[in-house]
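Inside the fold
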Amino acid sequence: MSAQPLSRRFYARDVAVVARDLLGRLLWRESADGVTSGRIVEVEAYLPEGDTACHAFRGPTRRNATMFGPPGRAYVYAIHSRWCLNAVTEPEGSACAVLIRAVEPAAGVELMRARRRREALLELARGPARLCEAFAIDRALDGWDLTRGEQLWIARGPRSRLAGEQVAVSPRIGVTSAHDLLLRYYLAGNRFVSGRRNPKPESSKRRAGELQPQPATRRGKVNE
DNA sequence: CTACCGATTGACT
DNA sequence: GTCAATCGGTAGA
């Protein structure tokens, strides 16, 4: 079942590991207007320690309270009068989250067009605030439990989550500090990824930005 | 209360 | 490529 929600255990792991593992998964939204879904193609991790760009860096506030709660909840915040969606990760007390930066529209494309008041498929959910508008995500969903599998959740997706696609890494977009951290993960060559051009990877040739083999993850593998 | 800032977007040169 | 709208969050008086 491609709409089955990811579990609490999935989100309770290291934030960078969860971020990378969210690529290729399906974001689902059920509202009074109808259902939309999209394939996650770009994410960013915000670390619980030493990350000046993380909203939790200076301690808890009213806005970031959800980040200090249990994993698997939606952290929705506003910037420049727009909304952005995160998934809270790691065990409670470790304030960190994954920003969902772009999805490739799947179901409910016409509903997304109406909400965005735009026709172009590439303009519907390419960018964190754009996807929130297309999926009718706002402040009311801050703190929503993404493991419930209703209203708003992320699903396991198809068995071949990344069908031969390469994961690329880069500094995060838009942040004014911590440019040295490579915590943006995206599908190389995918046209629904935000930012400047995202060229298709050349086959059998190492390129800058290509993900190097990862060191062993701290926690066990989760098969979801 | 005021002042400042930003994990953005869309319009424009 | 540049730039500013626009407003919630935050810190500080």
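Residues numbered from 1 in each chain as written. Chains lettered and ligands numbered in written order. Predicted model: local features only at pLDDT ≥ 70, side-chain atom pairs only at ≥ 80, totals over all residues. Heavy atoms only, no water.

It is worth spelling out the protein's contact with DNA strand B at this point. Around DNA strand B there are 20 residues in total, and His-55, Tyr-77, Asn-86, Ala-129 and Arg-130 lie nearest to it. Expressed as a percentage, the sugar and phosphate content of the atoms of DNA strand B within 4 Å of the protein is 56%. For DNA strand B, a base nitrogen lies 2.9 Å from a polar atom in the side chain of Tyr-77. One nitrogen or oxygen atom from the side chain of Arg-118 is found 3.5 Å from a phosphate oxygen belonging to DNA strand B. Of all the elements in the fold, those that place two or more residues in the surface near DNA strand B are strand 3 (74–79), strand 4 (82–88), strand 5 (97–105) and helix 4 (128–134). With three residues, helix 4 is the largest single contributor of residues to the surface near DNA strand B. Classifying every residue of the surface near DNA strand B by side-chain character gives nine nonpolar, six polar and five charged. (Near = heavy atom within 4 Å. Polar contact = N/O pair within 3.5 Å; in protein donor to acceptor, adjacent residues only side chain to side chain. Helix = DSSP H or I, 4+ residues; strand = E, 2+ residues; numbered from the N terminus. Nonpolar A, V, L, I, M, F, W, Y, C, P; charged D, E, K, R; others polar.)

Thr-61, Arg-62, Arg-63, His-80, Ser-81, Arg-139 and Arg-196 make up every residue found near DNA strand C. Backbone sugar and phosphate groups make up 76% of those atoms of DNA strand C lying within 4 Å of the protein. Contact distances for DNA strand C include 2.7 Å between a sugar or linking oxygen and a side-chain N or O atom of Ser-81. The contact in question runs from a phosphate oxygen of DNA strand C to an N or O atom on the side chain of Arg-139, over 2.3 Å. For the surface near DNA strand C, the per-class residue count stands at no nonpolar, three polar and four charged.

Next up on the list: the nonpolar core. Leu-22, Leu-27, Val-43, Leu-85, Ile-100, Leu-152 and Tyr-185 are the most contacted members of the largest nonpolar core, which totals 47 residues. Ranked by the residues each element gives to this core, the list is headed by helix 2 (residues 15–22), at five residues. Core analysis: the second largest hydrophobic core is formed by 14 residues, Ala-56, Tyr-75, Cys-84 and Ala-97 among them. (Core = buried A, V, L, I, M, F, W, Y, C linked by side-chain atoms within 4.5 Å. Buried < 20%, exposed > 50% of the residue type's maximum accessible area, 1.4 Å probe, protein only.)

Below, the discussion takes up the environment of Ile-100. The topology assignment puts Ile-100 in strand 5. Distance in space between the C-alpha atoms of Ile-100 and Ala-45 is 9.2 Å, their sequence separation being 55 residues. Those residues in contact with Ile-100 that sit more than four places away from it in its chain are Leu-22, Ile-40, Glu-42, Val-43, Leu-85, Pro-128, Leu-131 and Ile-154. (Contact = heavy atoms within 4.5 Å.)

Moving on, we come to the packing of aromatic side chains. Tallied over the full model, the rule gives three aromatic pairs. Aromatic side chains Phe-10 and Tyr-11 sit 5.4 Å apart centroid to centroid with 80 degrees between the ring planes, which places their arrangement in the edge-to-face category. The exposure classification of Phe-10 matches that of Tyr-11, with both residues buried. In this structure, Arg-172 is placed above the aromatic ring of Tyr-46, and the distance from its NZ or CZ to the ring centre is 4.5 Å. Looking at Arg-184, its charged tip hangs above the ring of Tyr-186, at a distance of 4.3 Å from the centre. (Phe/Tyr/Trp six-rings, centres within 6.5 Å; stacked < 30°, edge-to-face > 60°. Lys NZ or Arg CZ within 6 Å of the ring centre and 35° of its normal.)

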